[in-house]
Amino acid sequence: MRDRDLYAKLLGIEAPWFVRDVEARLEAREVEVFISFDERVEATCPECGKACGRHDTRTRTWRHLDTMQYRTLLTADVPRVKCAEHGVKQVKVPWAEPGSRFTALFEAVVIDWLHEASTSAVARMLGMSWDEVDGVMSRAVARGMQRRKSQPLHSIGLDETSFQRRHEYVTVVYDTERARVVDVLDGRSQQAVETFFWDTPFEDLETIVSVSMDMWGPYIGAVREHIPDADDKIAFDRFHVAKHIGDGVNKVRVDEHTELRAQGIDTLKGTRYLWLQNPENMKPSNRSRFEELRDTELRVARAWAMKETARHLWSYKTRGWARRGWDQLIGWMTRSRLEPMVKVARTLREHLWGIINAIVLGVTNAHLEAVNAKIQKLKKRACGYRNRARFREAILFHCGGLDLYPQLATAHTKS
Ligand SMILES: [Zn+2]
């Protein structure tokens, strides 16, 4: 029959496997291809590769890529061997990985689609269940993580992100140099980060020259425990430092606005973003209003000037000058009598060593922006992941730089 040859070719089926029959069920829009293993060829143990006696045969079915618009199934009689050393084992099939109900080519297509659409959209499109699509994704990530070679890290970043609307967090470990996610850890405790360090070969850690992060005690503690000379490598990155100062400015505005409103003055109404935005990014219509406010005696205007000064303290090249610049700002904040700014100043003074490290080491998270945007998109798309494991999987799938595909080459070679 010609169609048997055709399907053998299409599927890359080679001896000792052969296509025994092809059944087209037009009503059901299905094609089923039956495959057998040549009786005359000795089967080999999948563990040790030794030729062994045959034990029995199991019939198994895989979903393959559709042939035209027909759902295509492969059904094979798969021999089981009895190995003296490994016991009864099913021989390897060249078209699928062990344990999967889909052929390698089909899984590859699912993986491709998952890069473009959500799990539920892929399930709908390919006529699969949500769990089946999720299973392909899990296997892809597990495969990728297993294949990932030990890789000396140079610059890493630790950052928390919430994964539900509640206060549930994971810690994302970034390889800032390669702009990818190394791992996603449970929670944001010192222990969570230490677990990651324990699991990473020391050769990969000893090459680290910088660890960027927020001024967060548990992260600092974990890095100090595991990375030699941590106090020269911990860098409090610009983004997080700016966020603390911005929060201080906002607090000053809220307090002042409340006071003014009590006196019937509405000057600060609707100005929140004006004080947080960088002036360069301001719309011209907002700018004139902002400049008026900025030049007043308002307390928030003073706080804002401090924030603005901090923004320009990142371009120093030497430790000494950087320290002088920051000392001056921290002194100003401390004497300002603006309680929120005094508080931020205290935090900055305690962590100044790491801020100076960030400046001197030239730590920047600029090329992580794309990765972060992707994580935010994933979060939105899934509307809150039900558990951390799923969220971790999705992040690693999309941002881990992993080799996710099943080994397609085996579909064309004998195992
Ligand atoms: Zn064996």
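Structure report, in brief.

Points about the nonpolar core
Then step 1. Trp326 and Leu348 are the most contacted members of the largest nonpolar core, which has 60 residues in total.
Then step 2. With six residues, the single largest contributor to this core is helix α12 (residues 299-311).
Then step 3. In this structure, Ile111, Leu126, Met137 and Val172 belong to the second largest nonpolar core, which totals 34 residues.

Brief notes about the coordination of the zinc ion
Then step 1. Around the zinc ion, the protein contributes the donor atoms Cys45 (SG), Cys48 (SG), Cys83 (SG) and His86 (ND1), at 2.1 to 2.3 Å from the metal centre.
Then step 2. The site at the zinc ion holds four donor atoms, and with the angles between them running 102 to 114 degrees, its shape is tetrahedral.
Then step 3. Every donor residue of the zinc ion comes from the same chain, spaced as C-x2-C-x34-C-x2-H.
Then step 4. On the accessibility criterion, Cys83 (6% relative accessible area) is buried.
Then step 5. With a relative accessible area of 27%, His86 lands in the partly exposed category.

So, the pattern of salt bridges
Then step 1. Here the structure, examined in full by the defined rule, presents 28 salt bridges.
Then step 2. Of the charged contacts, one joins Glu85 and Lys50 as a salt bridge, the two residues approaching to 3.9 Å between their closest N and O atoms. Within this pair, whereas Glu85 is found in the loop between β5 (70-83) and β6 (87-90), its partner Lys50 is found in the loop between β3 (43-44) and β4 (51-67), the two being separated by 35 residues in sequence.
Then step 3. With relative accessibility at 49%, the residue Lys50 sits in the partly exposed group.
Then step 4. For the salt bridge of Asp255 with Lys251, the shortest nitrogen-to-oxygen distance reads 3.9 Å. Residue Asp255 and its partner Lys251 are located together in helix α9 (residues 238-262), separated by four residues, close to a single helical turn.
Then step 5. When salt bridges with common partners are traced through the structure, they connect Glu23, Arg25, Glu30 and Glu32 into a single cluster.

Points about the environment of Ile245
Then step 1. Secondary-structure assignment places Ile245 in helix α9.
Then step 2. Take Ile245: its relative accessible area is 2%, and that puts it in the buried class.
Then step 3. For the pair Ile245 and Arg139, spaced 106 residues apart in the sequence, the C-alpha separation amounts to 43 Å.
Then step 4. The residues touching Ile245, leaving out its near neighbours within four places in the chain, are Lys307, Ala310, Met341, Val344 and Leu348.

Notes on the packing of helix α14 (residues 339-350) against helix α15 (residues 352-361)
Then step 1. Relative to each other, α14 and α15 sit at 65 degrees, their axes nearing to 4 Å. Judged by the inter-axis angle, α14 sits roughly perpendicular to α15. Side by side, α14 and α15 meet where Leu348, Arg349 and Glu350 of the first sit next to Leu352, Trp353 and Ile355 of the second.
Then step 2. Class assignment for the residues of the contact of α14 with α15 results in four nonpolar, no polar and two charged.

Looking at the packing of aromatic side chains
Then step 1. Inspection of every chain in the model, using the stated rule, returns 11 aromatic pairs.
Then step 2. Between Trp17 and Trp95, the aromatic rings sit 4.9 Å apart at their centres with planes inclined by 80 degrees, giving edge-to-face as the arrangement. Here Trp17 is found in strand β1 (residues 17-25), whereas its partner Trp95 is found in the loop between β6 and α2 (104-114), with 78 residues between them in sequence. For the pair shown, Trp17 and Trp95 are each scored as buried.
Then step 3. Relative to Phe197, the ring of Phe196 lies with its centre 5.6 Å away and its plane at 55 degrees, an arrangement referred to as tilted. One exposure class covers both Phe196 and Phe197, and it is buried.
Then step 4. Three or more aromatic residues joined by ring pairs make a cluster, and in this case those are Trp17, Phe37, Trp62 and Trp95.
Then step 5. One cation-aromatic arrangement involves Arg29 over Tyr70; the distance from NZ or CZ to the ring centre is 5.5 Å.
Then step 6. We note Arg188 situated over the ring of Tyr169; from NZ or CZ to the ring centre the distance is 3.9 Å.

A word on the side chain of Asp237
Then step 1. With respect to the secondary-structure elements, Asp237 resides in the loop between β11 (234-236) and α9.
Then step 2. As a buried residue without a salt bridge, Asp237 has its nearest oppositely charged side chain in Arg238, at a separation of 8.4 Å.
Then step 3. A polar contact of 2.8 Å, which involves the side chain of Asp237, links it to the side chain of His240.

Considerations on the layout of surface pockets
Then step 1. Taken as a whole, the largest pocket holds about 1100 Å³ of empty space.
Then step 2. Lining the largest pocket are 43 residues, and of these Arg238, Phe239, His240, Ala242 and Lys243 sit closest to its centre.
Then step 3. The set of elements that each furnish at least two residues to the lining of the largest pocket consists of β7 (155-162), β8 (169-175), β10 (210-213), α9, α10 (272-276), α12, α15 and α16 (369-382).
Then step 4. Examining the composition of the lining of the largest pocket, we find that 10 residues originate from one element, α9, more than from any other.
Then step 5. Grouping the constituent residues of the lining of the largest pocket by class yields 20 nonpolar, 13 polar and 10 charged.
Then step 6. By volume, the second largest pocket is sized at about 460 Å³.
Then step 7. What lines the second largest pocket is a set of 24 residues, and nearest its centre among them are Arg148, Val182, Asp183, Phe196 and Thr200.
Then step 8. When contributions to the lining of the second largest pocket are tallied by element, the ones reaching two or more residues are β8, β9 (180-186), α5 (190-199) and α17 (388-399).
Then step 9. Among the elements that take part in the lining of the second largest pocket, β9 stands out by supplying seven residues, more than any other.
Then step 10. Among the residues forming the lining of the second largest pocket, the class breakdown is 10 nonpolar, four polar and 10 charged.

Rules and cut-offs
- Residues numbered from 1 in each chain as written.
- Predicted model: local features only at pLDDT ≥ 70, side-chain atom pairs only at ≥ 80, totals over all residues.
- Heavy atoms only, no water.
- Core = buried A, V, L, I, M, F, W, Y, C linked by side-chain atoms within 4.5 Å.
- Buried < 20%, exposed > 50% of the residue type's maximum accessible area, 1.4 Å probe, protein only.
- Helix = DSSP H or I, 4+ residues; strand = E, 2+ residues; numbered from the N terminus.
- Donors = N, O, S within 2.8 Å, 3.2 Å for Na, K, Ca; no water.
- Tetrahedral: all angles 85-135°; square planar, octahedral: opposite > 155°, others 65-115°.
- Salt bridge = Lys/Arg side-chain N within 4 Å of Asp/Glu carboxyl O.
- Contact = heavy atoms within 4.5 Å.
- Axes fitted to C-alpha atoms, helices over the stretch in contact; angles between N-to-C directions.
- Parallel < 35°, antiparallel > 145°, perpendicular 65-115°, else oblique.
- Nonpolar A, V, L, I, M, F, W, Y, C, P; charged D, E, K, R; others polar.
- Phe/Tyr/Trp six-rings, centres within 6.5 Å; stacked < 30°, edge-to-face > 60°.
- Lys NZ or Arg CZ within 6 Å of the ring centre and 35° of its normal.
- Lys, Arg positive; Asp, Glu negative; His and termini not counted.
- Polar contact = N/O pair within 3.5 Å; in protein donor to acceptor, adjacent residues only side chain to side chain.
- 1 Å grid on protein atoms, 1.4 Å probe; cavity = no way out; pocket = protein on both sides within 12 Å on 5 of 7 lines; lining within 4 Å.
- Points joined across faces, edges and corners; volume = space filled by probe spheres on them.

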